[in-house]
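An overview of the molecular structure
So the chains spell out like this:
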Amino acid sequence: QVQLVESGGGLVQAGGSLRLSCVASGRIFSGNVMGWYRQAPGKLRELVASITSGGWRNYLDSVKGRFTISRDNTKNTVYLQMNSLKPEDTGVYYCNVRSVTGGEYWGQGTQVTVSS
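No experiment lies behind these values; they were computed from the predicted model shown. All residue numbers here refer to positions counted from 1 along the written sequence of the relevant chain. Under the rules for a predicted model, residues below a pLDDT of 70 receive no local features and side-chain atom pairs below 80 are neither given nor counted, while totals for whole chains, interfaces and linings still include all residues. In computing side-chain properties, one takes all heavy atoms of the structure into account and sets aside hydrogens as well as water.

1. Description of the pattern of salt bridges
Short version of the rule: Take a side-chain nitrogen of Lys or Arg and a carboxyl oxygen of Asp or Glu: if they are within 4 Å of each other, that pair is a salt bridge.
Counted by the stated rule, this structure contains five salt bridges. As a salt-bridge pair, glutamate 46 and arginine 38 come within 2.9 Å of each other at their nearest N and O atoms. One continuous salt-bridge network, built from bridges that share partners, spans Arg38, Glu46, Arg66 and Asp89.

Printed below as a string of structure tokens:
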């Protein structure tokens, strides 16, 4: 059984910061990509940031320079540090893990609300 447990969402004013955490439990193949997606009302779910097991990172253009994704492989945890938050960052943020073997897992989502 694989489970992703997210935390760190909340309400913050524009310009503030939040740090999201996602702890993965269960057996996950070591070769994988961990990432954060978000979905705002009326919009499609989009990949915000991802990081491979080798440390390669990718970011949505609109969050580059403001968000930082990291992972701690000893704790099976992925983080998303979000700085200089904007109202446009509001949405439900989902943790995702994709294994090179084909497995894919999702967290339950955590709400991030940025007020103007």
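The discussion continues.
2. Some words on the sheet that holds strand E1 (residues 3-7)
Where we set the bar: Two strands qualify as a pair provided DSSP detects at least 2 bridges between them. Under the DSSP-based scheme used, a helix requires at least four consecutive residues in state H or I and a strand at least two consecutive residues in state E, with every element numbered from the N terminus. Lines are fitted to the C-alpha atoms to define the axes, a helix being fitted only along its stretch in contact, and any angle between axes, read from their N-to-C directions, falls within 0 to 180 degrees.
Read from one edge to the other, the open sheet built from four strands follows the order E1-E3-E8-E7, with strand pairing classed as antiparallel. A strand with exactly one partner marks an edge of an open sheet, and here the two such strands are E1 and strand E7 (67-72). Across the sheet, the mean angle separating the axes of adjacent strands is 15 degrees when strand polarity is ignored. Where E7 lies against strand E8 (residues 77-82), six bridges are found, and the strand directions are antiparallel. Directly across from threonine 68, in E8, lies its bridge partner glutamine 81.

3. A few points about the side chain of threonine 110
Applied cut-off: Whenever a nitrogen or oxygen atom comes within 3.5 Å of another N or O atom, the pair is scored as a polar contact, on the condition that within protein one atom can donate a hydrogen and the other can accept it, and that pairs from neighbouring residues in sequence are kept only if both atoms are in side chains. Whether two residues are in contact is decided by their heavy atoms, any of which lying within 4.5 Å being enough.
With respect to the secondary-structure elements, threonine 110 resides in strand E11 (residues 110-115). At a separation of 3.4 Å, a polar atom in the side chain of threonine 110 contacts the main-chain amide nitrogen of glycine 9. For threonine 110, the residues in contact, after removing those within four places along its chain, are Glu6, Gly9, Leu20, Gly91, Val92 and Tyr93.

4. A look at the packing of aromatic side chains
Heads up, the rule is: Only rings of Phe, Tyr and Trp enter the pairing, Trp through its six-membered ring, and a pair is recorded when the two centres are within 6.5 Å. The plane angle decides the type: under 30 degrees is stacked, over 60 is edge-to-face, the rest tilted. Here the term buried applies to any residue with accessible area under 20% of the maximum for its type, exposed to any over 50%, and partly exposed to those in between, with areas from a 1.4 Å probe on protein chains only. Our definition puts a charge over a ring when NZ of Lys or CZ of Arg is within 6 Å of the ring centre and also within 35 degrees of the ring normal.
Taken as a whole and assessed by the stated rule, the structure comprises two aromatic pairs. Residues tyrosine 94 and tryptophan 106 carry aromatic rings whose centres are separated by 6.4 Å and whose planes lie at 85 degrees to one another, so their mutual orientation is edge-to-face. Placement of the pair is tyrosine 94 in strand E9 (residues 91-99) and tryptophan 106 in strand E10 (residues 104-106), with a sequence separation of 12 residues. Looking at tyrosine 94, the relative accessible area reads 15%, which means it is buried. On the accessibility criterion, tryptophan 106 (34% relative accessible area) is partly exposed. Joined through ring pairs, the aromatic side chains of Tyr37, Tyr94 and Trp106 make up one cluster. The cationic tip of arginine 45 hangs over the ring face of tryptophan 106; the distance from NZ or CZ to the ring centre is 4.9 Å.

5. Some words on the state of the cysteines
The test is simple: In plain terms, two cysteine sulfur atoms within 2.5 Å form what is called a disulfide here.
Taken as a whole and judged by the stated rule, the model has one disulfide. Linked covalently through their sulfurs, cysteine 22 and cysteine 95 form a disulfide whose S-S length is 2.2 Å. Taking the sign of the S-S torsion, about -85 degrees here, the bridge from cysteine 22 to cysteine 95 comes out left-handed. Placement of cysteine 22 in strand E3 (residues 18-25) and of cysteine 95 in strand E9 is noted, with a sequence separation of 73 residues between them. Accessibility classification places cysteine 22 together with cysteine 95 in one group, the buried group.

6. What about unusual backbone geometry?
One non-glycine residue, asparagine 76, lies in positive phi territory at about 50 degrees. Along the chain, asparagine 76 falls in the loop between E7 and E8. Phi at serine 84 takes a positive value of approximately 50 degrees, unusual for a residue other than glycine. Note on placement: serine 84 falls in the loop between E8 and E9. Residue serine 84 is classed as partly exposed on the basis of its relative accessible area, which comes to 40%.

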